[in-house]
Amino acid sequence: MKFFVDTADIDDIKDLASTGLLDGVTTNPSLIKKSGKEFIPLIKEICKLVDGPVSAEVAATDYATMRKEAEVLRKIADHVAVKVPLTPDGLKVCKELSDDGTMVNVTLCFSPSQAILAAKAGAAFVSPFVGRLDDISQDGLSLISDIVRIYENYDYFKTEVLVASVRNPLHIVESAKMGAHVATCPPDVIRSLYKHPLTDKGLAAFVEDWKKTGQSIL
Ligand code: G3P
């Protein structure tokens, strides 16, 4: 499973990239607002830090303006994935860019039928939002399961399932069991994956016992 970090915070991206376990970055207009930075220079900076796909989202909602914005975004770097909303206009932009060899991430997916359309439009990624479904008492993970199963039925669907709106480690683990290709996660959720109290307890005991041997490896 690939891990993308869902943030526009440069320090977090640098920190997680240094682990060697980070495969890409996703941003959205809300994350750009939170960063307080200029969008285009920020995406350029992120693209220098991470070799994998960097999602940059269009701001418009109409076809003509989205198409023009996408031209600007895809010129930033070859590994920019242009992010478009799952709307008729968004998917029209997706189809044209994908036919032209540009990676597209179709965002705001909340149903299997929408995910089928994204795949037919040639999206490199579809982003189903698990957390936001859970928030309204719908089962976000069952959407992931449905999309993975549907895509498996069609070899010619090349779209990767990018689990988005991740809130906790279980969203990642359960999505991995289902065979989702990618999870995009807030930085602290990625960091939480390392944690287990028995790891901490076991390590403390090993450190203490090693001290008592009086030995040194170096
Ligand atoms: O970037 C899309 C998605 O991951 C947003 O997550 O937490 O705002 O629902 P959230």
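Check the entry above for the structure.
These notes cover the structure that comes with them.

Cut-offs used in this document
- Residues numbered from 1 in each chain as written.
- Predicted model: local features only at pLDDT ≥ 70, side-chain atom pairs only at ≥ 80, totals over all residues.
- Heavy atoms only, no water.
- Helix = DSSP H or I, 4+ residues; strand = E, 2+ residues; numbered from the N terminus.
- Buried < 20%, exposed > 50% of the residue type's maximum accessible area, 1.4 Å probe, protein only.
- Contact = heavy atoms within 4.5 Å.
- Expected span 1.5 Å × (residues − 1).
- Arc of directions from axis to C-beta.
- Pairing = 2+ DSSP bridges.
- Axes fitted to C-alpha atoms, helices over the stretch in contact; angles between N-to-C directions.
- Near = heavy atom within 4 Å.
- Polar contact = N/O pair within 3.5 Å; in protein donor to acceptor, adjacent residues only side chain to side chain.
- Areas by Shrake-Rupley, 256 points an atom, 1.4 Å probe, with all protein chains shown as cover.
- Nonpolar A, V, L, I, M, F, W, Y, C, P; charged D, E, K, R; others polar.
- Parallel < 35°, antiparallel > 145°, perpendicular 65-115°, else oblique.
- Left-handed = near helix turned anticlockwise from the far one by under 90°.
- Core = buried A, V, L, I, M, F, W, Y, C linked by side-chain atoms within 4.5 Å.
- Disulfide = S-S within 2.5 Å.
- Salt bridge = Lys/Arg side-chain N within 4 Å of Asp/Glu carboxyl O.

What follows is about the side chain of Arg-67. Within the secondary structure layout, Arg-67 lies in helix 4 (residues 63-74). Residue class for Arg-67 comes out buried when judged on its relative accessible area of 19%. For Arg-67, the contacting residues outside a window of four places in its chain are Arg-74, Val-93, Glu-96 and Leu-97.

A separate point is helix 4. Spanning twelve residues, helix 4 covers 16 Å between terminal C-alpha atoms, matching the ideal 16 Å at 1.5 Å per step. By the burial criterion, the buried members of helix 4 are Met-66, Arg-67, Ala-70, Leu-73 and Arg-74. The buried residues of helix 4 all sit within an arc of 125° when viewed along its axis, so they share a single face. In this structure, the buried side of helix 4 is in contact with helix 3 (39-49), strand 3 (54-57), strand 4 (80-85) and helix 5 (88-99).

The parallel closed barrel is built from eight strands, whose spatial order is 1-2-3-4-5-6-7-8. Within this sheet the neighbouring strands show an average axis-to-axis angle of 30°, counted without direction. Across four bridges, strand 1 (residues 2-6) lies against strand 8 (residues 182-185) in parallel orientation. By the bridge assignment, Val-5 is partnered in strand 8 with Cys-185.

Before going further, it helps to spend a moment on the site of the ligand. Looking at the ligand, the residues that line it are Asp-6, Asn-28, Lys-83, Phe-129, Arg-132, Ala-164, Ser-165 and Arg-167. With respect to the ligand, the side chain of Asp-6 contributes an N or O atom lying 2.5 Å from an oxygen atom. The separation between an oxygen atom of the ligand and a polar side-chain atom of Arg-167 is 2.7 Å. Look at the ligand: alone it shows 310 Å² of surface, and the protein chains cover 82% of it. Here the residues of the shell around the ligand are counted per class, giving two nonpolar, two polar and four charged.

At a closest axis distance of 9 Å, the pairing of helix 4 and helix 5 adopts a crossing angle of 40°. Considered as vectors, helix 4 and helix 5 are oriented oblique to each other. The interaxial crossing formed by helix 4 with helix 5 has right-handed handedness. Contacts between helix 4 and helix 5 involve Tyr-63, Met-66, Arg-67, Ala-70, Glu-71 and Arg-74 from the former and Asp-89, Gly-90, Lys-92, Val-93, Glu-96 and Leu-97 from the latter.

Right, let's talk about the nonpolar core for a bit. Ranked by internal contacts, the top residues of the largest apolar core, which has 59 residues, are Val-106 and Tyr-151. Val-106 has contacts with Val-84, Pro-85, Leu-86, Leu-91, Cys-94, Ala-118, Ala-123, Phe-125, Val-126 and Ser-127, leaving out every residue within four places of it along the chain.

Looking now at the state of the cysteines. Here, the word disulfide means a covalent bond between the sulfur atoms of two cysteines. Inspection of every chain in the model, using the stated rule, returns zero disulfides. We note that Cys-94 lacks a disulfide partner, and the nearest cysteine sulfur, in Cys-109, lies 12 Å from it. For Cys-109, a relative accessible area of 0% puts it in the buried group.

Further remarks concern the pattern of salt bridges. With the rule as written, the count across this model stands at 15 salt bridges. A salt bridge links Glu-160 to Lys-2, with the nearest nitrogen and oxygen atoms 2.8 Å apart. Remark: Lys-2 occurs in strand 1 and Glu-160 occurs in strand 7 (residues 160-163); sequence separation between them is 158 residues. On the basis of relative accessibility, which here comes to 31%, the residue Lys-2 falls in the partly exposed class. Here Glu-57 makes a salt bridge to Lys-83, at a shortest N to O gap of 3.8 Å. With Glu-57 in strand 3 and Lys-83 in strand 4, this pair connects stretches of sequence that are 26 residues apart. Both residues of the pair, Glu-57 and Lys-83, belong to the buried class. Members of the salt-bridge network, linked through shared partners, are Arg-67, Glu-71, Arg-74, Lys-75, Glu-96 and Asp-100.

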